[in-house]
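# Observations on the model geometry
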Amino acid sequence: MPTRNPSRGDRPNRQPDIARAAALIADASRASMLKSLGDGRALSAKALAAEAGIGAPTASAHLARLVEAGLITVESAGRSRYYRLAGPEVSLALEALALIAPPLPVTTLRESGTANALRRSRTCYDHLAGLGVALMGGLLAHGILAGHDGTHRQGEAVRDRARGYGHDHDYRLTPAGRDALGRFGIDVAALPARRPLVRYCVDWSEQQHHLAGGVGAAVTARLFRLGWLRHGASPRVVHLTDTGADGIADWLGLRPEG
């Protein structure tokens, strides 16, 4: 069963300990492991140690601190333990910090390739970013979504920033959109009621909107199930398959690069 810090449940009645959370993320190894979990998947301690470039005992100590703080959860499967982010708010916090963080130096061709791949197509917790901007444009063009045109205009923004959840616009799923998603294999009525059906993020690489919320997660999961998307070698990187390119072209009339 997942392990979680019970103190998270009474957050509304307590002041947030920002300094403690910041100190946990400030360590380079812990920050690397948290970023590796940014697509919502569970990863083993071994995989996280490799991503951070540290040994297993050191990784175990870091992971224990992150679990204790409630930033990640852990579950056992046989003799292995798997870790995942405690929720999308952790990923959102990392994205917000990236706004003010200086860029890491790129010292290898592999790092350059990973950075370019992340810009093109990646997961933003459990929904699609980069490529997700083109996808949202197609959903708007086909009347599946309504409420705005998908464009982020920084000079006109009130609460929206250059990345993270948006607040200035009210996107909604249209009645025709519910039917279209049903034909695509998504039962909107079955999506979790505790989560907003439609949200959007300002995409940091494209500076446009991509779809989040329950529908954004459901569409992304469906693309993976159909084999239209596949995970890349680096955490959060995803690739559009040839089948996916043809499928999205048939569905939304798009030929995005991914």
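Residues numbered from 1 in each chain as written. Predicted model: local features only at pLDDT ≥ 70, side-chain atom pairs only at ≥ 80, totals over all residues. Heavy atoms only, no water.

### Here we look at the pairing of strand E9 (residues 199–202)
Bridge count between strand E7 (residues 164–165) and E9: two bridges; the pairing is antiparallel. Residue Tyr-165 lies in a different strand from E9, and its bridge partner there is Cys-201. By the bridge criterion, four bridges tie E9 to strand E10 (residues 209–212) in an arrangement that is antiparallel. Considered in E10, the bridge of Cys-201 is made with His-210. (Pairing = 2+ DSSP bridges. Helix = DSSP H or I, 4+ residues; strand = E, 2+ residues; numbered from the N terminus.)

### Examining the environment of Ala-21
Tracing the chain through its elements places Ala-21 in helix H1 (residues 18–26). With relative accessibility at 32%, the residue Ala-21 sits in the partly exposed group. Distance in space between the C-alpha atoms of Ala-21 and Gly-70 is 9.7 Å, their sequence separation being 49 residues. (Buried < 20%, exposed > 50% of the residue type's maximum accessible area, 1.4 Å probe, protein only.)

### Quick look at unusual backbone geometry
Glycine aside, a negative phi is what most residues show, and trans is what most peptide bonds show. Within the chain, Tyr-125 stands out as a residue other than glycine whose phi angle is a positive 60°. Within the element layout of this structure, Tyr-125 appears in the loop between strand E4 (122–124) and strand E5 (127–129). One non-glycine residue, Gln-207, lies in the positive phi region at around 55°. Its place among the elements puts Gln-207 in the loop between E9 and E10.

### Looking at the sheet that holds E7
Taken in spatial order, the three strands line up as E7-E9-E10 in an open sheet, and their pairing is antiparallel. Only two strands of the sheet have a single neighbouring strand rather than two, namely E7 and E10. Against the sheet, helix H7 (residues 131–141) makes contact with E9 and E10, and its axis sits at roughly 80° relative to E10, the strand it touches most. (Contact = heavy atoms within 4.5 Å. Axes fitted to C-alpha atoms, helices over the stretch in contact; angles between N-to-C directions.)

### With respect to the packing of aromatic side chains
Applying the stated criterion across every chain, the model contains three aromatic pairs. Relative to Tyr-200, the ring of Tyr-171 has its centre 5.2 Å away and its plane inclined at 75°; by these criteria the two rings are edge-to-face. One end of the pair, Tyr-171, is in the loop between E7 and strand E8 (172–173); the other, Tyr-200, is in strand E9, and 29 residues separate them in sequence. For the pair Tyr-171 and Tyr-200, a shared accessibility class is recorded, and that class is buried. When the centroid spacing of 3.8 Å and the interplanar angle of 5° are considered together, the rings of Phe-184 and Trp-251 count as stacked. Of the two residues, Phe-184 is situated in the loop between helix H8 (175–183) and E9 and Trp-251 in helix H10 (residues 242–252); the sequence distance between them amounts to 67 residues. Side by side, Phe-184 and Trp-251 carry an identical accessibility label, which is buried. Members of the aromatic cluster, each reached through a chain of ring pairs, are Phe-184, Trp-228 and Trp-251. (Phe/Tyr/Trp six-rings, centres within 6.5 Å; stacked < 30°, edge-to-face > 60°.)

### Some thoughts on the packing of helix H2 (residues 28–36) against helix H4 (residues 56–68)
With their axes 10 Å apart at the nearest point, H2 and H4 run at an angle of 70° to one another. By the angle class used here, H2 and H4 are roughly perpendicular. Along its contact with H2, which presents Ser-29, Arg-30, Met-33 and Leu-34, the element H4 presents Ala-59, His-62, Leu-63, Arg-65 and Leu-66. (Parallel < 35°, antiparallel > 145°, perpendicular 65-115°, else oblique.)

### Thoughts on the pattern of salt bridges
Counted by the stated rule, this structure contains eight salt bridges. Between Asp-168 and Arg-159 there is a salt bridge whose closest N-O contact spans 3.9 Å. Linking Asp-246 and Arg-255 is a salt bridge whose minimum nitrogen-to-oxygen distance equals 3.0 Å. Judged by relative accessible area, which is 57%, Arg-255 ranks as exposed. (Salt bridge = Lys/Arg side-chain N within 4 Å of Asp/Glu carboxyl O.)

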